[in-house]
Amino acid sequence: MISAQDYRYVIAGSGFFGAVMAERIANVLGEPVLVLEKRDHFGGNSFSEQDPATGIEYHRYGTHLFHTSQADVWAWINRFTAFNNYRHRVLTRHAGRMYTMPINLMTLNNFFGVDLKPSEAAAFIAERAGRDGFTNPANFEEKAVSLIGRELYDAFIRHYTAKQWETDPKLLPAETISRLPVRASYNDFYFNDIYEGLPLDGYHAIFDRVFADRRIKVVCNCDFFDVRDTLRPDAQLIYTGPIDRYFDYKLGSLGWRTLDFEIERPEMEDYQGASVVNYPDADVRFTRIHEFRHLHPERRYTPERTLIMREYSRFAAREDEPYYPINTPADKNLYDQYAALAARESNVVFGGRLGTYRYLDMHQAIGAALKSFERDVLPRAKGQMAEAAAA
Ligand code: FAD
Ligand code: UDP
């Protein structure tokens, strides 16, 4: 039985938020810290591992691309890994043909059979986008049609979104589509950030290095709630699990989507020629196929087999892994109520995507942890040190 008695600092969850906090507590405060992880591995959803059958490194919870424009986040992660020069591109397969995603000049020209120049593309899209007359779009569908027009929406967005969210796009918030740019050029990079790449020796190696610090003790297969009663009265808890679970779901459950991944190892070197291909048509049940070998062009993987992963999306039951917060108005309201309860918990920091019920990219989780350490942990620790010195 694990006891938290010996630790002033206890972290529930070993994803990026918990890992950054552990590193800061150990290095800046010089204090021992206990990290509890309920899964049988650390690293949270960013975890990667080598497939024993093919030798290919894959991401157990879906392809994770690292990208950021935040200099402090980039500096932090570069202390624990170097990156390759991979830049993410996505293809989408509609009606038996391949197109680039996000929608760019290549998508437009191929889809409409035209030969637009960059200077002509905006007017071409605007004319189509204006046809439905959504000047004040109130939901996902209206917003998307007002941005790209009905034909592109029906081909690339409508069914993909319905599969991903199992919700009529008319009932989804308009903001979700704003994540996807539309470009009047042949730029086909998925992200616009300054820094991008895959960790040269894998995400798991980053966590190995962070947690190698002798002041950090990580215990896997350990649910924080089994250890909660052993916390010292003066313990500082950093909780990165689901906020509704912390309060025993007493106000109800927050809505999440989960994913099912189906792995296959076809006997060929290259299955689809790209790391991610989206499937936006209604007659295909999965949303996309990941092929991990393409994330590391610098490696020499076996030519005999490859590893692919089909991704299916569905509502999460309480026992499923929560992946994407659904964020309906009712969810937002419920989260606000839980956040009000959380604010009253002294000595507890709620962080990360589960603890704050927010979709966070890895760089955002790291950035949020760096800030939270400075704001929530450091001042209290300094206060305690000053008190101890005065005593
Ligand atoms: P997590 O990584 O979820 O870590 C939380 C940890 O807490 C988990 O290990 C969990 O097991 C543990 N835990 C929960 N409850 C308890 C408990 N009671 N006791 C002990 N441990 C507990 N980001 C990108 O930047 N690029 C991408 O391409 C990208 N792709 C993604 C694809 C998918 C399908 C998903 C779902 C996410 C993707 N992300 C991506 C986001 C990325 O996974 C998150 O930014 C990151 O995981 C956030 O870290 P975290 O520490 O907040 O949460
Ligand atoms: N989307 C789509 N077709 C695509 C890719 C994305 O309709 O080929 C929509 C979908 O609703 C998705 C949203 O755009 O939820 C945001 O896309 P993003 O790639 O950010 O989603 P993620 O990779 O996080 O699932």
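To keep things clear, this report deals only with the structure shown in the data block. (Residues numbered from 1 in each chain as written. Chains lettered and ligands numbered in written order. Predicted model: local features only at pLDDT ≥ 70, side-chain atom pairs only at ≥ 80, totals over all residues. Heavy atoms only, no water.)

Further remarks concern the pairing of strand 2 (residues 33-36). In strand 2, alternate side chains face the same way, and those of V33 and V35 on one face and L34 and L36 on the other are all buried. Across 4 bridges, strand 1 (residues 9-12) lies against strand 2 in parallel orientation. Considered in strand 2, the bridge of Y9 is made with V33. Note that the unit made of strand 1, helix 1 (residues 16-29) and strand 2 has a crossover that is right-handed. Alignment of strand 2 against strand 9 (residues 216-219), held across 4 bridges, turns out to be parallel. Bridging across to strand 9, L36 finds its partner in V219. (Buried < 20%, exposed > 50% of the residue type's maximum accessible area, 1.4 Å probe, protein only. Helix = DSSP H or I, 4+ residues; strand = E, 2+ residues; numbered from the N terminus. Pairing = 2+ DSSP bridges. Right-handed = clockwise from strand over helix to strand, strands pointing away.)

The next thing to look at is the site of ligand 1. The environment of ligand 1 is made up of 35 residues, and the closest members are E37, H64, L65, L360 and M362. In this structure, an oxygen atom belonging to ligand 1 sits 2.5 Å away from a main-chain N or O atom of L360. Contacts to ligand 1 include D361, whose side-chain N or O atom sits 3.2 Å from a nitrogen atom. Out of a free accessible area of 990 Å², ligand 1 has 97% covered by protein chains. Going through the elements one at a time, helix 1, helix 9 (224-227), helix 12 (352-355) and helix 13 (362-390) are the ones with two or more residues in the shell around ligand 1. No other element matches the 3 residues that helix 12 contributes to the shell around ligand 1. Classifying every residue of the shell around ligand 1 by side-chain character gives 17 nonpolar, 11 polar and 7 charged. (Near = heavy atom within 4 Å. Polar contact = N/O pair within 3.5 Å; in protein donor to acceptor, adjacent residues only side chain to side chain. Areas by Shrake-Rupley, 256 points an atom, 1.4 Å probe, with all protein chains shown as cover. Nonpolar A, V, L, I, M, F, W, Y, C, P; charged D, E, K, R; others polar.)

Turning next to the packing of aromatic side chains. For the structure on display, the rule yields 33 aromatic pairs. On the basis of an interplanar angle of 80° and a centroid distance of 5.1 Å, the ring pair of F42 and F211 is categorised as edge-to-face. With a gap of 169 residues between them, F42 in the loop between strand 2 and strand 3 (48-50) and F211 in helix 8 (residues 203-211) connect regions that are remote in the sequence. For F42, a relative accessible area of 25% puts it in the partly exposed group. Taken together, the ring pairs connect F224, F225, Y239, Y246, F247, Y338 and F350 into an aromatic cluster. In this structure, R228 is placed above the aromatic ring of Y246, and the distance from its NZ or CZ to the ring centre is 4.6 Å. (Phe/Tyr/Trp six-rings, centres within 6.5 Å; stacked < 30°, edge-to-face > 60°. Lys NZ or Arg CZ within 6 Å of the ring centre and 35° of its normal.)

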